[in-house]
Amino acid sequence: MLKKLFKLLGILFLLAAIGYGILYYLYNEPLPTGESGPEADALAYRMFDALNYKNYNNTKVLEWSFRGDHHYIWNREKEIVTVSWDDIVVQLDLITPSSSTATINNASVAYEKTQDLIEKAQSYFNNDSFWLVAPFKAFDRGAERYLVDMEDGSEALLVTYTQGGDTPGDSYMWIIEPSGRPKSFKLWTKIIPIGGVEATWEEWVKTESGVFLPTQHKLGPLSISMGEVSGR
């Protein structure tokens, strides 16, 4: 019986490997090359202008959720984020994470558990805030910008992050509409083994503070809702 089980597992593993190989062959794209310099920076600034970057800078509080699972209130003045999921609430201090606090069902938890929850909240925030404000991170420390000439004659903005976040080295190529607003980006990341997967940026809303933010993404068959997005 055990021998048959191992044989079945081996067949399933082989089928999965073959399936992945086919998908990789059909859909994987190499990381494009582009030119860095003033023209790449100018395209990034055009994207900033289309989304009212100045108003983003003046936005004091951002609220959103990620796929209905993680909920955020980001006080950008105090650099404190309330991160909540299930029955857990973490007051995440972005300046000194060790000063963060965590509760489960409104009750304090032991030190080691608190540290685990802080680390998890930080990881959630790094990922989920990127899906909200990534266009404004094109000039973050360690970000390199390249202008890429597309086959249809248009230009795209490739941004590679050499440091920061959970996965330094990730690259994102922004497909930008004539208005300057991002339509989608293609990803070359450690977490997704197939390069060039495209995710949309859509259903933009203008917040109370005047900045434009997305409320929906589509990544293949996956829909990513950002919930009720607000900024003030």
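Our subject is the structure that appears above.
Residues numbered from 1 in each chain as written. Predicted model: local features only at pLDDT ≥ 70, side-chain atom pairs only at ≥ 80, totals over all residues. Heavy atoms only, no water.

Q: What exactly am I supposed to notice about the sheet that holds strand E2 (residues 70-75) here?
A: Pairing is antiparallel across the open sheet formed by seven strands, whose spatial order is E6-E5-E4-E3-E2-E1-E15. Single-partner strands in this sheet number two, and they are strand E6 (107-108) and strand E15 (230-231). Summarising the sheet, E2 and strand E3 (residues 80-85) pair through five bridges and their orientation is antiparallel. The residue of E3 that forms the bridge with histidine 71 is serine 84. Along the sheet, helix H4 (residues 111-133) contacts strand E1 (61-66), E2, E3, strand E4 (88-93) and strand E5 (101-104); its crossing angle with E1, the most-contacted strand, is approximately 95°. (Pairing = 2+ DSSP bridges. Helix = DSSP H or I, 4+ residues; strand = E, 2+ residues; numbered from the N terminus. Contact = heavy atoms within 4.5 Å. Axes fitted to C-alpha atoms, helices over the stretch in contact; angles between N-to-C directions.)

Q: In this structure, what is going on with the packing of aromatic side chains? I would like to understand it.
A: Geometrically, a pair of aromatic rings is defined through the distance of the ring centres and the angle of the planes. Per the stated rule, a full pass over the model turns up 25 aromatic pairs. With 5.2 Å between their ring centres and 40° between their planes, tyrosine 172 and phenylalanine 185 make a pair best called tilted. Here tyrosine 172, found in strand E9 (residues 171-176), pairs with phenylalanine 185, found in strand E10 (residues 182-188); they are 13 residues apart in sequence, far enough to count as distant. You can call tyrosine 172 buried: its relative accessible area is 10%. Here the aromatic residues Phe130, Trp131, Tyr161, Tyr172, Trp174, Phe185, Trp201 and Trp204 are joined through ring pairs into a cluster of three or more. Positioned over the ring face of tyrosine 56 is arginine 76, at 4.2 Å from the centre of the ring. The ring of tryptophan 74 has arginine 76 sitting right over it, with the charged end atom 5.5 Å from the ring centre. (Phe/Tyr/Trp six-rings, centres within 6.5 Å; stacked < 30°, edge-to-face > 60°. Buried < 20%, exposed > 50% of the residue type's maximum accessible area, 1.4 Å probe, protein only. Lys NZ or Arg CZ within 6 Å of the ring centre and 35° of its normal.)

Q: Hey, could you run me through the pairing of strand E7 (residues 143-149) in this one?
A: Each regular strand displays side chains that alternate between the two surfaces of the sheet. Judged from the seven bridges that link them, E7 and strand E8 (residues 155-161) form a sheet pairing that is antiparallel. Among the inter-strand pairings, tyrosine 146 is bridged to a residue of E8, identified as leucine 158. The turn joining E7 and E8, which pair antiparallel and follow one another in sequence, is formed by five residues; a positive phi near 95° is taken by glycine 153.

Q: What is the right way to read the side chain of threonine 215 from this model?
A: You can see threonine 215 is positioned in strand E13 (residues 212-219). If we ignore the near neighbours within four places in the chain, the residues touching threonine 215 are Glu202, Glu203, Val205, Ile224, Ser225, Met226, Gly227 and Val229.

Q: Please clarify how the pairing of E10 should be interpreted in this entry.
A: In terms of burial, E10 is a largely internal element, six of the seven residues being buried. Here E9 runs beside E10; their pairing, made up of six bridges, is antiparallel. Bridged to tryptophan 174 within E10 is phenylalanine 185. Hairpin connection from E9 to E10: five residues lie between these consecutive antiparallel strands, with glycine 180 at a positive phi of about 100°. Pairing analysis gives four bridges linking E10 to strand E11 (residues 197-200), with the strands arranged antiparallel. Residue lysine 186 lies in a different strand from E11, and its bridge partner there is glutamate 198.

Q: Can you help me understand the nonpolar core in this one?
A: In a soluble, globular protein the nonpolar side chains are often hidden away together inside. Within the largest apolar cluster, 50 residues are counted, with the highest numbers of intra-cluster contacts made by Trp64, Val90, Leu157, Trp174 and Phe185. Broken down by element, this core gets its largest block of residues, eight residues, from H4. Ignoring anything within four residues of it in the chain, the contact list for leucine 157 reads Ala40, Leu43, Ala44, Met47, Arg145, Tyr146, Tyr172, Met173, Trp174 and Ile176. Within the second largest apolar cluster, five residues are counted, among which are Val148, Leu158, Met173 and Trp188. (Core = buried A, V, L, I, M, F, W, Y, C linked by side-chain atoms within 4.5 Å.)

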